[in-house]
Amino acid sequence: MTAISTAHAALTTLASEGGEHTDTHPSISPFMTGGAALVILFLLLWITTRFNRDR
């Protein structure tokens, strides 16, 4: 076997067994994380527009 086909077989096996393990903590809500990121980005946008009043 070549190195590419061996790597492909190993990745296929790893992907098929990957459904059992999750890295997310159950108390972390994706909606809260996304909402907080959106608020922070809007705050940074507002700060940026306050510094560029002359343009």
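Definitions and cut-offs
- Residues numbered from 1 in each chain as written.
- Predicted model: local features only at pLDDT ≥ 70, side-chain atom pairs only at ≥ 80, totals over all residues.
- Heavy atoms only, no water.
- UniProt positions renumbered as here; feature names shortened; annotations may be inferred.
- Helix = DSSP H or I, 4+ residues; strand = E, 2+ residues; numbered from the N terminus.
- Buried < 20%, exposed > 50% of the residue type's maximum accessible area, 1.4 Å probe, protein only.
- Polar contact = N/O pair within 3.5 Å; in protein donor to acceptor, adjacent residues only side chain to side chain.
- Patch = residues over 30% accessible without salt bridge, like charges linked within 9 Å, V, L, I, M, F, W, Y side chains within 5 Å.
- Areas by Shrake-Rupley, 256 points an atom, 1.4 Å probe, with all protein chains shown as cover.
- Salt bridge = Lys/Arg side-chain N within 4 Å of Asp/Glu carboxyl O.

## As for the UniProt feature "transmembrane region" (unreviewed entry) in the protein
The UniProt record annotates "transmembrane region" (unreviewed entry) at residues 28-47. The distance from the first to the last C-alpha atom of residues 28-47 is 28 Å, and the span holds 90% helix and 0% strand.

## A word on the environment of Thr 33
With respect to the element layout, Thr 33 can be found in helix H2 (residues 30-51). Thr 33 gets classed as partly exposed once you look at its relative accessible area, which sits at 47%. At 3.0 Å, the side chain of Thr 33 forms a polar contact with the backbone oxygen of Ser 29.

## Quick look at a nonpolar patch on the surface
Taken together, the side chains of Ile 40, Leu 41, Leu 43, Leu 44, Trp 46, Ile 47 and Phe 51 present a nonpolar region at the surface, about 770 Å² in accessible area. By the secondary structure assignment, Leu 41 is in helix H2.

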